[in-house]
Amino acid sequence: MGIAASDLNQHVIRPTLMYLNCQCVAAEALLLGVAACQTSLGAELDNHSGYGLYRISATHHQQLWDHYLATDPELASRVRGLASQHAFLGAPHFELTVNLRYATAIAWLLIEQRCKTLPAADDLGAQALIWQQVFAPCRQPNEFVRAWQRCIRHSATAA
C-alpha cells in the first residue's frame, strides 16, 4: 500500500516545493502524477529501474548534481540540507529511497531543469508529456493518465 495522495501532497510535496521557493499547484499536481506513475505512490518501491518514490536513476541523480546544481551553489546547499548528513556521503542515491523530501526536491529539479513552463494542474495530457520526457522516455503518456486516475482521482473520491 502506498501513501495517500492527499497526505503525500500535504506533508511532503507542498512543503518541499515551498522550501525550494516554488509554490505552484501545477508543480504539486505533476509531482503527484509522477509518483503515481512511477511507483503507485510508493506501493511499488522494489524495482531496479531507479530509486525511491519517483524512480530516479543514479545517472540522472548524478547528472543533476554535476550539471545543474553545480551552477547554483545556493540551491545546491538548500537541497543538500534536506539530505541526511552521514548517509548521503556514503550512499547518495539511497537517499532517494529513504528521504521523501530529498527525493521530491530532486524530482522537481529534474523537471525544472528541462521544463521552464508547466501546464495547468488539470491538464493531464501535457503533464504526461513532461513525465515521459523527464522520467520515462520509453513509456507512453497514457500510462501517466491511467496512473493518475487509479492512484489520485480514486484516492480523492474514496476519501
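Turning our attention to unusual backbone geometry. Here the phi dihedral of S40 falls at roughly 50°; this positive angle occurs in a residue that is not glycine. With respect to the secondary-structure elements, S40 resides in the loop between helix 2 (25–39) and helix 3 (58–67). The backbone phi angle of L41 is positive, close to 60°, even though this residue is not glycine. We classify L41 as buried; its relative accessible area is 3%.

All right, on to helix 3 then. Each α-helix winds once per 3.6 residues, and so residues spaced three or four apart point in a common direction. Here helix 3 has its buried residues at H61, L64 and W65. When helix 3 is viewed along its axis, its buried side chains cluster within an angular range of 95° and face the same direction. Among the structural elements, helix 4 (73–82), helix 5 (85–90), helix 6 (95–98) and helix 7 (100–114) are those in contact with the buried residues of helix 3.

To continue, consider the layout of surface pockets. Any empty space left between atoms is shown by rolling a water-sized probe over those atoms. Here the second largest pocket is characterised by a volume of approximately 160 Å³. Surrounding the second largest pocket, Q38, S49, R55, I56, S57, H60, L110, V134, F135, A136, P137 and R139 form its lining. Taken together, the residues that form the lining of the second largest pocket break down as six nonpolar, four polar and two charged.

Moving on, we come to the environment of L20. Structurally, L20 is set in the loop between helix 1 (5–19) and helix 2. For L20, the contacting residues outside a window of four places in its chain are L75, R78, V79, A105 and W108.

Using the criterion set out here, one finds three aromatic pairs in the structure. With centroids separated by 5.9 Å and ring planes inclined at 35°, the aromatic side chains of W131 and F144 adopt a geometry described as tilted. Taken together, the residues span a long stretch of sequence, with W131 in helix 8 (residues 124–134) and F144 in helix 9 (residues 141–158) at a distance of 13 residues. Of the two residues examined, W131 and F144, each falls in the buried class. Ring-pair connections join several aromatic residues into one group, and the members of that group are W65, F88 and Y102. Sitting over the face of the ring of Y19, R78 holds its NZ or CZ atom 4.2 Å from the ring centroid.

Turning our eyes to something else, we now look at the pattern of salt bridges. Tallied over the entire structure, the rule returns two salt bridges. Taking the shortest distance from any N to any O, the salt bridge between R14 and E28 comes out at 2.9 Å. Here R14 is found in helix 1, whereas its partner E28 is found in helix 2, with 14 residues between them in sequence. E28 gets classed as buried once you look at its relative accessible area, which sits at 9%. One salt bridge in this structure joins E143 and R139, with 2.8 Å as the shortest N-O distance.

A rise of 1.5 Å per residue sets the reference length of helix 7, with its 15 residues, at 21 Å; its end C-alpha atoms lie 22 Å apart and thus fit the reference within 8%. Of all the residues in helix 7, the buried ones are Y102, A103, T104, A105, I106, A107, W108, L109, L110 and I111. Looking at where helix 7 begins, the residue whose side-chain oxygen comes 3.3 Å from the main-chain nitrogen of R101 is N99.

Analysis parameters
- Residues numbered from 1 in each chain as written.
- Predicted model: local features only at pLDDT ≥ 70, side-chain atom pairs only at ≥ 80, totals over all residues.
- Heavy atoms only, no water.
- Helix = DSSP H or I, 4+ residues; strand = E, 2+ residues; numbered from the N terminus.
- Buried < 20%, exposed > 50% of the residue type's maximum accessible area, 1.4 Å probe, protein only.
- Arc of directions from axis to C-beta.
- Contact = heavy atoms within 4.5 Å.
- 1 Å grid on protein atoms, 1.4 Å probe; cavity = no way out; pocket = protein on both sides within 12 Å on 5 of 7 lines; lining within 4 Å.
- Points joined across faces, edges and corners; volume = space filled by probe spheres on them.
- Nonpolar A, V, L, I, M, F, W, Y, C, P; charged D, E, K, R; others polar.
- Phe/Tyr/Trp six-rings, centres within 6.5 Å; stacked < 30°, edge-to-face > 60°.
- Lys NZ or Arg CZ within 6 Å of the ring centre and 35° of its normal.
- Salt bridge = Lys/Arg side-chain N within 4 Å of Asp/Glu carboxyl O.
- Expected span 1.5 Å × (residues − 1).
- Polar contact = N/O pair within 3.5 Å; in protein donor to acceptor, adjacent residues only side chain to side chain.

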